[in-house]
Amino acid sequence: MTPAADPLRRSRTSALWIGVIVFAVVLVLLLVFVLQNTQPVRISYLGATGDIPLAVAMLLATAAGILLTAVAGSLRIRQLRRRVPGRRKH
């Protein structure tokens, strides 16, 4: 049977459905994390001080780390693409 004739082959819709399920599981795990880490902690950053829930502080630190990693990775990719000879600029 050819892949085009297989009615049970993977499609973009099935991939989207799997993505939605994975996203929902991650969201539930994140919700459990937030609900279990509600105790307040004092945060000081560049002279600003405040009390926020522990989960929020950890999620903000994670988001900042992801952002810094994305910026560094993007700059490295840009640097490597400039070194490839014969590459057309769009």
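As a reminder, the structure under discussion sits directly above these lines.
In short, a report on the structure. (Residues numbered from 1 in each chain as written. Predicted model: local features only at pLDDT ≥ 70, side-chain atom pairs only at ≥ 80, totals over all residues. Heavy atoms only, no water.)

### What about the pairing of strand β1 (residues 40-45)?
Consideration 1: Little of β1 is tucked away, with zero of its six residues classed as buried.
Consideration 2: Examined bridge by bridge, β1 and strand β2 (residues 48-53) share six bridges and lie antiparallel to one another. Bridged to P40 within β2 is P53.
Consideration 3: The turn linking β1 back onto β2 is made up of two residues, and L46 within it adopts a positive phi angle of 50°. (Buried < 20%, exposed > 50% of the residue type's maximum accessible area, 1.4 Å probe, protein only. Helix = DSSP H or I, 4+ residues; strand = E, 2+ residues; numbered from the N terminus. Pairing = 2+ DSSP bridges.)

### So, the packing of helix α1 (residues 12-36) against helix α2 (residues 54-83)
Consideration 1: Orientation of α1 relative to α2, taken along the N-to-C sense of each, is 130°, at an axis distance of 7 Å. The orientation of α1 with respect to α2, classified from their angle, is oblique. Packed against α1, whose contacting residues are L30, F33 and V34, the element α2 presents A55, M58 and L59 at the interface. (Axes fitted to C-alpha atoms, helices over the stretch in contact; angles between N-to-C directions. Parallel < 35°, antiparallel > 145°, perpendicular 65-115°, else oblique. Contact = heavy atoms within 4.5 Å.)

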